[in-house]
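# Fold and geometry: a report
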Amino acid sequence: MSRTPVWKSIAVALTADIAEGRYASGDRLPTESQLAATHGVNRHTVRRALADMSEQGLVHARRGAGVFVTARPTDYPIGKRVRYHQNISANGKIPGKKILTLNTRAADAQEAEALGLVQGDPVHVYDGLSLADGQPIAVFQSIFPADRFPNMLDALQKTHSVTKALQLIGIPDYTREWTRLTARQASPTQALHLRISEGAPVLQSTGLNVDPQGNPVEYGRTWFAGDHVTLTLGSE
């Protein structure tokens, strides 16, 4: 396995400092010389780390003034009630969703098993981009049983929101049945949408949502930009 580049380790460490509140939005980071001395590297290595963080929207440079924190990574709770707009708003940020594609296709084996279908049954698929204060933090794919929810794509086109779309078609509430978290590397397409480097760390969340009767309503996969989001686990 190849070693993590030194500049990347520095970027990860600084991002963790921001996430843990050592540096708040608007704070100036230590100078390149100070960071180089702290990490025992040359200024070029530090500059590469800061450039990577800048590309991801975490910091920005002001000519003659230094490098400043743009935003803290967003805390995102994963629990029984996963509500994107509510989670982002609770962080004092403005939530947003962008539709990438809406289509209907045959379910693969994994999707069919999760949704209680037969492989090849039709499913509606919502591919989208999640935003916080206009910054992309995740790409996602939500999958719904098409025969049960024939009007789901129309509802999603109107609302851009899974919760509101389900309410429109008669599902007033739902909860998370299970969630699996896996560390991945960003694909070229994911990197493009998330404005990160290809191969950068992403956290894949795979989960199943069910209605109050326990029937599957949504099987979803979400890929969070590792430097933009801190996932927190809880019972709610």
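Residues numbered from 1 in each chain as written. Predicted model: local features only at pLDDT ≥ 70, side-chain atom pairs only at ≥ 80, totals over all residues. Heavy atoms only, no water.

## Regarding the sheet that holds strand 6 (residues 135–145)
- One open sheet holds the six strands; their spatial order is 4-5-6-9-8-7, and the pairing between them is antiparallel. The sheet terminates laterally at strand 4 (95–106) and strand 7 (175–185), the two strands that pair on one side only. This sheet shows a mean twist of 15° between the axes of neighbouring strands, independent of strand direction.
- Inspection of the sheet shows strand 5 (residues 122–132) paired to strand 6 by ten bridges, in the antiparallel sense. Each bridged residue has a counterpart across the sheet, and for Ser 130 the counterpart in strand 6 is Ala 138. (Pairing = 2+ DSSP bridges. Helix = DSSP H or I, 4+ residues; strand = E, 2+ residues; numbered from the N terminus. Axes fitted to C-alpha atoms, helices over the stretch in contact; angles between N-to-C directions.)

## What to know about the packing of helix 1 (residues 6–19) against helix 3 (residues 43–55)
- Running from amino to carboxyl end, helix 1 crosses helix 3 at an angle of 55°, the nearest separation of the two axes being 8 Å. In terms of orientation, helix 1 lies oblique with respect to helix 3. Considering how the two elements wind past one another, helix 1 and helix 3 form a crossing that is right-handed. Where helix 1 abuts helix 3, its residues Val 6, Trp 7, Lys 8, Ile 10, Ala 11, Leu 14, Thr 15 and Ile 18 lie against Thr 45, Arg 48, Ala 49, Leu 50, Asp 52 and Met 53. (Parallel < 35°, antiparallel > 145°, perpendicular 65-115°, else oblique. Left-handed = near helix turned anticlockwise from the far one by under 90°. Contact = heavy atoms within 4.5 Å.)

## What to know about the pairing of strand 1 (residues 59–62)
- Bridge analysis of strand 1 against strand 2 (residues 66–69) gives four bridges, and the strand direction is antiparallel. Across the sheet, Arg 62 pairs through a bridge with Gly 66, a residue of strand 2.
- Turn length for the strand 1-strand 2 hairpin, with the two strands adjacent in sequence and antiparallel, is three residues, and the turn residue Gly 64 shows positive phi of about 80°.

## Details of the environment of Lys 97
- Mapped onto the elements of the fold, Lys 97 is located in strand 4.
- Residue classification places Lys 97 among the buried residues on the basis of a relative accessible area of 19%.
- The spacing of Lys 97 and Leu 131 is 34 residues in sequence and 5.9 Å in space, taken between C-alpha atoms.
- Once residues within four sequence positions are removed from consideration, Lys 97 is found in contact with Tyr 84, His 85, Tyr 126, Leu 129, Ser 130, Phe 140 and His 160. (Buried < 20%, exposed > 50% of the residue type's maximum accessible area, 1.4 Å probe, protein only.)

## Details of the packing of aromatic side chains
- A complete count under the given rule lists two aromatic pairs for this structure.
- Here the aromatic rings of Tyr 126 and Phe 140 are separated by 4.9 Å at their centres, their planes lie at 90°, and the arrangement is edge-to-face. Here Tyr 126, found in strand 5, pairs with Phe 140, found in strand 6; they are 14 residues apart in sequence, far enough to count as distant. Side by side, Tyr 126 and Phe 140 carry an identical accessibility label, which is buried.
- If you follow Lys 97 out to its NZ or CZ, it ends over the ring of Phe 140, 4.6 Å from the centre.
- Its guanidinium or amino end placed over the ring of Trp 178, Arg 180 lies 4.1 Å from that ring's centre, counting from NZ or CZ. (Phe/Tyr/Trp six-rings, centres within 6.5 Å; stacked < 30°, edge-to-face > 60°. Lys NZ or Arg CZ within 6 Å of the ring centre and 35° of its normal.)

## Things to note about unusual backbone geometry
- You will see that His 160, though not glycine, has its phi angle at about 65°, which is positive.
- Position of His 160 relative to the elements: it lies in the loop between helix 6 (152–159) and helix 7 (162–168).

## Some remarks on the side chain of Gln 204
- Mapped onto the elements of the fold, Gln 204 is located in strand 8 (residues 201–210).
- Side chain to side chain, Gln 204 and Thr 206 meet in a polar contact 3.1 Å long.
- If we skip the residues at most four places from it in the chain, Gln 204 touches Arg 180, Leu 181, Thr 182, Arg 184, Thr 222 and Trp 223. (Polar contact = N/O pair within 3.5 Å; in protein donor to acceptor, adjacent residues only side chain to side chain.)

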